[in-house]
Amino acid sequence: MQTNATALVTLTIGEFYAARFRAICEPSWRRYAQRHAMDLIVLDSPLDSSLRAQGRSPAWQKLLILESPAVRRYRQVAWVDADI
């Protein structure tokens, strides 16, 4: 896939959520990203797996996405919760 300057990023932690996202959301998200010249990045594991992070809701992990190696190279990043 050609890398674009913009990425659409989400996080699916756990097989239940990952499977639901793949079945229900991913096809339309991929079409949307392609139509708007964006790369779709679906992170499937916590960005921080420390003991402190394990005590928090997975939702706060979105605050760490700009530190992710998978996202760092993009000029613009749009985060969308997978359960939207």
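In the block above lies the structure referred to throughout.
Here's what I pulled together on the structure shown here. Since this is a predicted model, take the numbers as computed values, not measurements. (Residues numbered from 1 in each chain as written. Predicted model: local features only at pLDDT ≥ 70, side-chain atom pairs only at ≥ 80, totals over all residues. Heavy atoms only, no water.)

**Some details on the sheet that holds strand E1 (residues 6-11)**
With parallel pairing, 3 strands are arranged side by side in an open sheet as E2-E1-E3. Looking along the sheet, the strands with just one partner apiece sit at the ends: strand E2 (38-43) and strand E3 (76-79). Mean inter-strand twist for the sheet, computed between neighbouring axes without regard to direction, equals 25 degrees. Looking at chain direction, E1 and E3 are connected through 4 bridges and run parallel. Bridge pairing in E3 links Leu8 to Ala78. Most of the contacts of helix H1 (residues 15-35) go to E2, to which it runs at about 155 degrees, and overall it touches E1 and E2. (Pairing = 2+ DSSP bridges. Helix = DSSP H or I, 4+ residues; strand = E, 2+ residues; numbered from the N terminus. Axes fitted to C-alpha atoms, helices over the stretch in contact; angles between N-to-C directions. Contact = heavy atoms within 4.5 Å.)

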